[in-house]
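As a plain string of letters, each chain reads:
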Amino acid sequence: MAAETSTVVSNTGNLLKYMNLDQRGRVQAEYVWIDANGGTRSKTKTLSKPVTSVDELPEWNFDGSSTSQAPGDNSDVYLRPVAFYPDPFRQGDNILVLCETWDADGSPNKYNYRHDAARLMETNAHEGFWFGLEQEYTLLGTDGWPYGWPRGGFPGAQGPYYCGVGTGKVYCRDIVEAHYRACLYAGINISGINAEVMPSQWEYQVGPCEGIEMGDHLWMSRFLLHRVAEEFGVRISFEPKPIKGEWNGAGLHSNVSTHATRAEGGMKAIEAAMKKLEARHVEHIAVYGEGNEERLTGRHETGNIDKFSYGVADRGGSIRIPRQCAKDGKGYFEDRRPASNADPYQITGIIVETMCGGL
Ligand code: ADP
Ligand code: MN
Ligand code: MN
Ligand code: MN
Ligand code: MN
């Protein structure tokens, strides 16, 4: 695919020669963290030998004043490794290291949403929470307009694009395939992909994952998506409503189950959860993504942002109970409210807190 770009796209053929050079037993560890704007940042550290456990990874730091995560006069933010994954780019013993961010005074950084979520997951581990997130996103050219759309114009109306096959119906399959394989290589629990209703919009699913692993795997999958798309000269947008009007927005449907909902007669536990979620609708919306009001209009397969509702097989409500679960009398529910740019630690955290109580 030819990237429409004025910037230099890396010459991967030439790079390969260097990537095949012996690295003499040393390991490249790409430390990845979440910044103040829901983006990912990373930098590399050379380690003297391969790593087998997260405890072997040294703490590190970065200049938080350059990422709006700390003031200039006290700018060091610490990176604490919490998980690591095989690196699909450098391969071999090289790794990607997911980190929490910590301030110099020993408290979690303002944008470290993982810390509280991990404590909630730990406290409620016996409940057996499983999550499955459906990450929707849009691919943009370097001009900021959806990739493959006529410059400054629009493609034909929605209809042929969802799960589309064929020229003019689907865009950027190469990036999507590359990302899918990169996730599998890294051990991310990616469970599928599909082209979305709006052209140049796609979805991938991660899960089911237990507890804190949901946020960890989703964040690493987002890093991988940005990183893969960078090589193709294409931008990734997690905007909830990238194009106004009759074009679907992008969500992060969050599927949830527990020991109780999965057990015989689990529908009772799902009903009980609905009551609890309804009572805290406003608090959930507050952490379900910025700009979500443009998406949750009650149209384009969404519920209205001001009103909690749920139903079996209802794609126009806040929560959908899958038809099969209603039939089986047990299973999971789908919270359709979160926007594509929401933080999975905040989503899964508030769901656990709502269903089981706070710390
Ligand atoms: P949709 O029909 O809403 O598009 P998808 O197939 O895209 O559904 O996504 C379904 C998601 O539900 C997947 O991420 C999957 O991992 C998740 N899921 C399936 N079973 C469970 C369960 N018991 N608990 C939590 N999540 C589940
Ligand atoms: Mn420097
Ligand atoms: Mn889906
Ligand atoms: Mn979808
Ligand atoms: Mn869904």
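Residues numbered from 1 in each chain as written. Chains lettered and ligands numbered in written order. Predicted model: local features only at pLDDT ≥ 70, side-chain atom pairs only at ≥ 80, totals over all residues. Heavy atoms only, no water.

1. Notes on the side chain of Asn124
Its place among the elements puts Asn124 in the loop between helix H2 (114–123) and strand S6 (130–140). Judged by relative accessible area, which is 9%, Asn124 ranks as buried. (Helix = DSSP H or I, 4+ residues; strand = E, 2+ residues; numbered from the N terminus. Buried < 20%, exposed > 50% of the residue type's maximum accessible area, 1.4 Å probe, protein only.)

2. Some remarks on the UniProt feature "domain: GS beta-grasp" (unreviewed entry) in the chain
When the UniProt feature table is mapped onto this chain, "domain: GS beta-grasp" (unreviewed entry) is found at residues 27–106. Taken as a whole, residues 27–106 contains 0% helix and 50% strand, while its terminal C-alpha atoms sit 29 Å from one another. (UniProt positions renumbered as here; feature names shortened; annotations may be inferred.)

3. A short note on the site of ligand 1
Around ligand 1, a shell composed of 17 residues is seen, among which Glu203, Gly207, Ser257, Arg320 and Glu334 lie nearest. Note that an oxygen atom of ligand 1 is positioned 3.3 Å from one of the side-chain N or O atoms of Asn255. Ser257 places a polar side-chain atom, nitrogen or oxygen, 2.7 Å from a nitrogen atom of ligand 1. When ligand 1 sits alone it has 590 Å² of accessible area, and the protein chains cover 74% of it. Mapped by element, the contributors of at least two residues to the shell around ligand 1 are S6, strand S8 (201–210) and strand S10 (252–257). (Near = heavy atom within 4 Å. Polar contact = N/O pair within 3.5 Å; in protein donor to acceptor, adjacent residues only side chain to side chain. Areas by Shrake-Rupley, 256 points an atom, 1.4 Å probe, with all protein chains shown as cover.)

4. Observations concerning the UniProt feature "domain: GS catalytic" (unreviewed entry) in the chain
Feature annotation in UniProt assigns "domain: GS catalytic" (unreviewed entry) to the following positions: residues 113–359. Helix makes up 35% of residues 113–359 and strand 18%, with an end-to-end C-alpha separation of 14 Å.

5. Thoughts on the coordination of the manganese ion (ligand 3)
Distances from the manganese ion (ligand 3) to its protein donors, Glu134 (OE) and Glu203 (OE), fall at 2.2 to 2.3 Å. Between the manganese ion (ligand 3) and the manganese ion (ligand 4), both coordinated by Glu203, there is a metal-metal distance of 3.9 Å. Taken together, the residues Glu134 in strand S6 and Glu203 in strand S8 connect sequence positions 69 residues apart. Assigned by exposure class, Glu134 and Glu203 land together as buried. (Donors = N, O, S within 2.8 Å, 3.2 Å for Na, K, Ca; no water.)

6. Considerations on the coordination of the manganese ion (ligand 5)
Metal coordination angles in their ideal form are 109.5 degrees for the four-donor tetrahedron and 90 or 180 degrees for the six-donor octahedron. Around the manganese ion (ligand 5), the protein contributes the donor atoms Glu134 (OE), Glu134 (OE), His253 (ND1) and Glu334 (OE), at 2.0 to 2.6 Å from the metal centre. Here the donor residues of the manganese ion (ligand 5) share one chain and are spaced in sequence as E-x118-H-x80-E. Under the relative-accessibility criterion, Glu134 is labelled buried at 14%.

7. Let's talk about the packing of aromatic side chains
Taken as a whole and assessed by the stated rule, the structure comprises eleven aromatic pairs. The interplanar angle of 25 degrees and the centroid separation of 4.1 Å between the aromatic rings of Trp33 and Phe62 together place this pair among those described as stacked. Of this pair, Trp33 sits in strand S1 (residues 27–34) while Phe62 sits in strand S3 (residues 60–63), and the two are 29 residues apart along the sequence. Comparing Trp33 with Phe62 shows no difference in burial state: the two are buried. Relative to Trp247, the ring of Phe154 has its centre 6.1 Å away and its plane inclined at 15 degrees; by these criteria the two rings are stacked. Placement of Phe154 in the loop between S6 and helix H3 (173–186) and of Trp247 in the loop between strand S9 (235–237) and S10 is noted, with a sequence separation of 93 residues between them. Counting every residue linked through ring pairs, the aromatic cluster contains Trp145, Trp149, Phe154 and Trp247. Geometry around Trp219 places Arg222 over its ring, the cationic atom sitting 4.7 Å from the centre. (Phe/Tyr/Trp six-rings, centres within 6.5 Å; stacked < 30°, edge-to-face > 60°. Lys NZ or Arg CZ within 6 Å of the ring centre and 35° of its normal.)

8. Topic: the packing of helix H4 (residues 213–231) against helix H9 (residues 344–356)
At a closest axis distance of 8 Å, the pairing of H4 and H9 adopts a crossing angle of 160 degrees. Between H4 and H9, the angle falls in the class roughly antiparallel. The handedness of the crossing between H4 and H9 comes out as right-handed. Residue-level inspection shows Met214, Gly215, Asp216, Leu218, Trp219 and Arg222 of H4 in contact with H9, the latter providing Pro344, Tyr345 and Thr348. (Axes fitted to C-alpha atoms, helices over the stretch in contact; angles between N-to-C directions. Parallel < 35°, antiparallel > 145°, perpendicular 65-115°, else oblique. Left-handed = near helix turned anticlockwise from the far one by under 90°. Contact = heavy atoms within 4.5 Å.)

9. Concerning the nonpolar core
Counting 65 residues, the largest nonpolar core has Phe131, Tyr137, Leu139 and Phe333 as its most contacted members. Counting residues per element, this core draws most heavily on H4, at nine residues. For Tyr137, the residues in contact, after removing those within four places along its chain, are Val176, Ser200, Gln201, Trp202, Glu203, Tyr204, Leu225, Ile236, Ser237, Phe238 and Ala250. Of all hydrophobic cores here, the second largest spans 15 residues; its members include Tyr31, Trp33, Trp60 and Cys99. (Core = buried A, V, L, I, M, F, W, Y, C linked by side-chain atoms within 4.5 Å.)

10. Examining the environment of Val77
Relative to the elements of secondary structure, Val77 occurs in strand S4 (residues 76–86). A relative accessible area of 0% means that Val77 is categorised as buried. Taking C-alpha positions, Val77 is 9.8 Å from Asp105, a pair spaced 28 residues apart along the chain. If we ignore the near neighbours within four places in the chain, the residues touching Val77 are Trp60, Asn61, Phe62, Gly64, Gln69, Ala70, Thr101, Trp102, Asp103 and Asn109.

11. Description of the environment of Ile321
Here Ile321 is to be found in strand S12 (residues 319–321). Along the backbone, Ile321 and Ala279 are 42 residues apart, and their C-alpha atoms lie at a distance of 18 Å. Leave out the neighbours within four places in its chain, and Ile321 touches Met267, Ile270, Tyr310, Gly311, Val312, Ala313, Ala326 and Phe333.

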